Amino acid sequence: MLPTDNSQTETFPVRSCNRPYPVVPKPAKKFFLLLLAAGIFICLFTSCAGTASRPGKAPDYTPLVYLLKSSPISFDRSSLNEIPDNPFPSLSVPTYITKVDEMFFIVDCYNNQVIYHDNLTDPLYRWQIMTNDIAMGHTLASDGEVYLIDDTENNRILIMEKDVNVNGQVIFVPTQEFLNIGNRPHYIIYDAYTDTFYAWSSQSGEMYLFRHAKGDSRMYLTGIRSIPSLNGIYVRSFTIIDDSIYFVSGNSSIIEADLYTFEIKKEYPVPPEMAGMIQLTRIEDYYYITISTDAAGNQDYATMLRVKNLDDLSTGKYEDVYGNFIGGGTPYYITQIEDKWYLTEHRIPGHSIWSFQVQDNIIINVTSIY
């Protein structure tokens, strides 16, 4: 049952029927009609041109209407009085790197863990384990209050919160979870404008929306949206740009949909050698696209491309930029941290994470981090 609206109806004074309205002077009436006509013209023009403004920024969430609330996790925080260090000498298919506050986080997919540290110069054995209670997770997202991780093979979203142990060290505590989230949740981000976490189910074409009230970490599943044509198609990620959301689908196309309704706006076909796309990222004037395989699943086609207009992909009018990163591996997700971009990569030992910058559409300062 929806909550009862207890707000009172605002009343307005009613003019007496036997009191005539004041007569508007003709010059004023003419000016008013001109303004009205101009307003109607502008409204019709912008509507026909498809430039209707984006809905306003989402207000703070109040958990009155939702589909599901999170399940609490019982955890002994004293077990983190000694924080476990990363036991692996190298990363195994790292998929995501990000920074929240002063901490860096790496999702180390095939090592089934997320690790964190306060810098990117120390060796990996000095990093700490955030969680190893996941099966091939791919991404982490945070709004600074909660940290959501996609536990891909368990169809679970894990929620963690920052705390301090008895030694004054920063720790991360598992506090909540959502079970039975689609089919292999694979990519999750937090969008500040809509104040929503978006978690993508990679093989069911479904998007799960999560929110929490400001100052209260309890999470709520507030909606499920879908792209029916992507049900059963392996889609590794999505990208939000203004009021559009883009899916690099395994259907040999990129789908652009409305962020608020998920109605498809446009579909951009791509050639077979690009079919196994991983991610689309907008950097300056270009869309950068990482690719894992061709339509037949051949990893020899793994690369990174960029294009100014997505319509040009079908005719091959794109630029291959993977040579800036040696090449020969599989580039995965791209993220931005401050003034640098970071690329995760696998199949090349010693080159799992890169940093780079783009200045005037030129890729510069390419550096292997781990």
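Parameters and conventions
- Residues numbered from 1 in each chain as written.
- Predicted model: local features only at pLDDT ≥ 70, side-chain atom pairs only at ≥ 80, totals over all residues.
- Heavy atoms only, no water.
- 1 Å grid on protein atoms, 1.4 Å probe; cavity = no way out; pocket = protein on both sides within 12 Å on 5 of 7 lines; lining within 4 Å.
- Points joined across faces, edges and corners; volume = space filled by probe spheres on them.
- Helix = DSSP H or I, 4+ residues; strand = E, 2+ residues; numbered from the N terminus.
- Nonpolar A, V, L, I, M, F, W, Y, C, P; charged D, E, K, R; others polar.
- Pairing = 2+ DSSP bridges.
- Axes fitted to C-alpha atoms, helices over the stretch in contact; angles between N-to-C directions.
- Core = buried A, V, L, I, M, F, W, Y, C linked by side-chain atoms within 4.5 Å.
- Buried < 20%, exposed > 50% of the residue type's maximum accessible area, 1.4 Å probe, protein only.
- Contact = heavy atoms within 4.5 Å.
- Phe/Tyr/Trp six-rings, centres within 6.5 Å; stacked < 30°, edge-to-face > 60°.
- Lys NZ or Arg CZ within 6 Å of the ring centre and 35° of its normal.
- Patch = residues over 30% accessible without salt bridge, like charges linked within 9 Å, V, L, I, M, F, W, Y side chains within 5 Å.
- Areas by Shrake-Rupley, 256 points an atom, 1.4 Å probe, with all protein chains shown as cover.
- Salt bridge = Lys/Arg side-chain N within 4 Å of Asp/Glu carboxyl O.
- Polar contact = N/O pair within 3.5 Å; in protein donor to acceptor, adjacent residues only side chain to side chain.

1. Observations concerning the layout of surface pockets
- Reported here for the largest pocket is a volume of approximately 580 Å³.
- Every residue lining the largest pocket is counted, 24 residues in all, and those nearest its centre are Tyr 96, Tyr 187, Ile 189, Tyr 190 and Gln 336.
- Counting residues per element, the ones that place at least two in the lining of the largest pocket are strand E3 (94–100), strand E7 (140–142), strand E11 (185–191), strand E15 (238–241), strand E19 (276–283) and strand E23 (330–337).
- No other element matches the five residues that E11 contributes to the lining of the largest pocket.
- Here the lining of the largest pocket is composed, by residue class, of 14 nonpolar, seven polar and three charged.
- If you add up the space inside the second largest pocket, you get close to 200 Å³.
- Taken together, 16 residues form the lining of the second largest pocket, with Val 93, Tyr 110, His 138, Tyr 234 and Tyr 332 sitting closest to its centre.
- Of the residues contributing to the lining of the second largest pocket, the split by class is six nonpolar, seven polar and three charged.

2. Notes on the sheet that holds strand E25 (residues 353–359)
- One open sheet accounts for four strands, arranged E23-E24-E25-E26; its pairing is antiparallel. This sheet does not close on itself; its edge strands, each paired only once, are E23 and strand E26 (362–368). Recorded for the sheet is a direction-independent mean angle of 25° between the axes of neighbouring strands.
- Direction of pairing for E23 relative to strand E24 (residues 340–346): antiparallel, over a ladder of six bridges.

3. A short note on the nonpolar core
- Membership of the largest hydrophobic core comes to 39 residues, with the highest contact counts inside it found for Phe 105, Met 130, Met 207, Phe 238, Ile 245 and Phe 247.
- Leaving out residues up to four positions away in the same chain, Met 207 has contacts with Tyr 198, Ala 199, Trp 200, Gly 223, Ile 224, Arg 225, Phe 238, Ile 245, Phe 247 and Phe 262.

4. Here's the deal with the pairing of strand E14 (residues 219–226)
- As paired strands, strand E1 (residues 68–69) and E14 are joined by two bridges and run antiparallel to one another. Within the sheet, the bridge partner assigned to Leu 68 lies in E14 and is Leu 221.
- Sheet topology note: the strand E13 (residues 206–212)/E14 ladder contains seven bridges and is antiparallel. Along E14, the bridge assignment pairs His 212 with Met 219.

5. Re the packing of aromatic side chains
- Applying the stated criterion across every chain, the model contains 22 aromatic pairs.
- Residues Phe 238 and Phe 247 carry aromatic rings whose centres are separated by 6.4 Å and whose planes lie at 45° to one another, so their mutual orientation is tilted. Grouping residues by exposure puts Phe 238 and Phe 247 together as buried.
- Sitting above the plane of the Tyr 193 ring, Arg 54 keeps its charged end 3.9 Å from the centroid.
- Here the guanidinium or amino end of Arg 282 rests over the ring plane of Tyr 287, the centre of that ring lying 4.3 Å away.

6. Description of a nonpolar patch on the surface
- On the surface, Leu 67, Leu 68 and Ile 224 cluster together to form a nonpolar patch covering roughly 270 Å² of accessible area.
- The residue Leu 67 is located in the loop between helix H1 (26–48) and E1 in this model.

7. What to know about the environment of Asn 111
- On the secondary structure map, Asn 111 appears in the loop between strand E4 (103–108) and strand E5 (113–117).
- In the structure, Asn 111 is positioned 21 residues away from Ser 90 in sequence and 9.5 Å away in space, judged by C-alpha atoms.
- With residues near it in sequence (within four places) discarded, Asn 111 still touches Phe 88, Ser 90, Leu 91 and Ser 92.
- Within the structure, the side chain of Asn 111 is placed 3.4 Å from the backbone oxygen of Ser 90, a separation counted as a polar contact.

8. Brief notes about the sheet that holds E7
- Strand order in the open sheet formed by five strands is E2-E10-E9-E8-E7, and the pairing between neighbours is antiparallel. Among the strands making up the open sheet, the edge pair consists of strand E2 (71–72) and E7.
- In this sheet, strand E8 (residues 147–151) lies alongside E7 in antiparallel orientation, the contact comprising three bridges. Bridge pairing in E8 places Ala 141 opposite Leu 148.

9. Considerations on the side chain of His 117
- Here His 117 lies in strand E5.
- His 117 gets classed as buried once you look at its relative accessible area, which sits at 7%.
- Within the local environment of His 117, its side chain forms a polar contact with the side chain of Asp 122, the two groups lying 2.8 Å apart.
- Non-local contacts of His 117, meaning those with residues more than four positions away in its chain, are made with Glu 102, Met 103, Phe 104, Asp 122, Arg 126, Trp 127 and Gln 128.

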